[in-house]
Amino acid sequence: MKAHNLRPMTETDLEQVLSWRNHPDVRRYMYTTHEIGIEEHRKWFSGVKHDPAVDPMIYENHGLARGFVNITRTRCPEVADWGFYLAPDAPKGTGRSLGNQALTYVFLELGLHKLCGQALGFNERSISFHRALGFSEEGRLRDQHFDGHEFHDVFCFGLLKQEWKTKDQESNND
């Protein structure tokens with residue numbers, strides 16, 4: 001068994017992923033912050049599980065599910081958006097491993113040209129995470145998201161396959 005693995009999400013993952021998504025430390029950084037019910041969650045999953053443009057994935061570390069990654073190709077088949085979150089009790093360093101596995105999947109297995117991400121302006125960890133993985137900040141949408149109380153900026157990131165390959169090759173030469 002590989003130490004780190006990214007695999008397709010299945011029906012058996014629904015309750016665990018829902019518990020992560022509804023955890024206050026995860027939910028507060030989402031565009032929708034209400035607590036999601038199991039029926040709403042099942043409806044979402046039944047809509048994406050057979051959609052060839054969407055890849056809901058589970059990140060595993062030593063056989064334990066530790067995170068969720070969603071890859072969505074909507075505008076162009078060679079460009080995707082991603083969203084992700086970790087299990088609230090995931091060990092330190094899990095995010096970096098999840099990110100590296102997701103980038104390998106996106107660029108090597110799916111053969112995509114570009115991966116895009118967004119982070120709410122107050123989510124410093126996600127902004128730093130994108131930068132640490134080599135993403136470039138491509139824009140900031142000012143006061144783009146209203147959370148019911150106040151407006152927030154949205155940071156937009158992008159990583160091209162050739163930028164990832166260059167970064168990956170340089171780190172292998174160290």
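Data block above holds the structure.
The text that follows walks through the structure, step by step, so that each part is easy to find. (Residues numbered from 1 in each chain as written. Predicted model: local features only at pLDDT ≥ 70, side-chain atom pairs only at ≥ 80, totals over all residues. Heavy atoms only, no water.)

### Some points on the pairing of strand 4 (residues 79-86)
The sheet contact formed by strand 3 (residues 64-76) and strand 4 spans 7 bridges and is antiparallel. Looking across to strand 4, one finds that phenylalanine 68 is bridged to tyrosine 85. Connecting strand 3 to the antiparallel partner strand 4 that follows it, the hairpin turn spans 2 residues. (Pairing = 2+ DSSP bridges. Helix = DSSP H or I, 4+ residues; strand = E, 2+ residues; numbered from the N terminus.)

### Describing the nonpolar core
If you look at the biggest cluster of nonpolar residues, it comprises 24 residues, and the most contacted ones within it are Leu6, Val69, Trp82, Leu103, Phe107, Leu115 and Phe135. Take this core: its biggest share by element is 6 residues, from helix 4 (residues 94-109). Apart from residues no more than four positions distant in its own chain, leucine 115 is found in contact with Ala80, Asp81, Trp82, Leu103, Val106, Phe107, Phe135, Phe157, Gly158 and Leu159. One finds Leu14, Ile58, Phe68 and Tyr85 within the second-largest nonpolar core, a separate group that totals 15 residues. (Core = buried A, V, L, I, M, F, W, Y, C linked by side-chain atoms within 4.5 Å. Buried < 20%, exposed > 50% of the residue type's maximum accessible area, 1.4 Å probe, protein only. Contact = heavy atoms within 4.5 Å.)

### Let's talk about the packing of aromatic side chains
By the definition in use, this model includes 10 aromatic pairs. Here the aromatic rings of tryptophan 82 and phenylalanine 129 are separated by 6.3 Å at their centres, their planes lie at 15°, and the arrangement is stacked. Taken as a pair, tryptophan 82 in strand 4 and phenylalanine 129 in helix 5 (residues 124-132) lie far apart in primary sequence, 47 residues in all. Across the pair, phenylalanine 129 and tryptophan 82 agree in class, each one buried. Each residue in the set Trp44, Phe45, Phe68 and Tyr85 is aromatic and connected to the rest through ring pairs, giving one cluster. (Phe/Tyr/Trp six-rings, centres within 6.5 Å; stacked < 30°, edge-to-face > 60°.)

### Considering the sheet that holds strand 2 (residues 54-61)
Across the sheet, which stays open at both edges, the 7 strands sit in the order 1-2-3-4-5-7-6 with mixed pairing between neighbours. If you trace the sheet from one side to the other, it starts and ends with strand 1 (4-8) and strand 6 (136-146), each paired once. Pairs of neighbouring strands in the sheet enclose a mean axial angle of 30°, with direction left out of account. Relative to strand 7 (residues 151-160), strand 5 (residues 114-120) runs antiparallel, the two sharing 7 bridges. Bridge pairing in strand 7 places leucine 120 opposite valine 154. (Axes fitted to C-alpha atoms, helices over the stretch in contact; angles between N-to-C directions.)

### Looking at helix 4
Relative to the 22 Å expected for 16 residues at 1.5 Å per residue, helix 4 spans 21 Å between its end C-alpha atoms, a close match to the ideal helical length. Where helix 4 is concerned, the buried positions are Thr94, Gly95, Ser97, Leu98, Gly99, Ala102, Leu103, Tyr105, Val106 and Phe107. Glycine 111, located one to two residues past helix 4, shows a positive phi value of around 70°. (Expected span 1.5 Å × (residues − 1).)

### As for the packing of helix 1 (residues 14-22) against helix 3 (residues 38-48)
Two numbers describe how helix 1 lies on helix 3: the axes approach to 11 Å, and their chain directions differ by 115°. Relative to helix 3, the element helix 1 is oriented roughly perpendicular. Classified by chirality, the crossing of helix 3 by helix 1 is right-handed. Here Leu14, Glu15, Val17 and Leu18 of helix 1 come into contact with helix 3, specifically with Ile38, His41, Arg42 and Phe45. A class-by-class count of the residues in the contact of helix 1 with helix 3 yields 5 nonpolar, 1 polar and 2 charged. (Parallel < 35°, antiparallel > 145°, perpendicular 65-115°, else oblique. Left-handed = near helix turned anticlockwise from the far one by under 90°. Nonpolar A, V, L, I, M, F, W, Y, C, P; charged D, E, K, R; others polar.)

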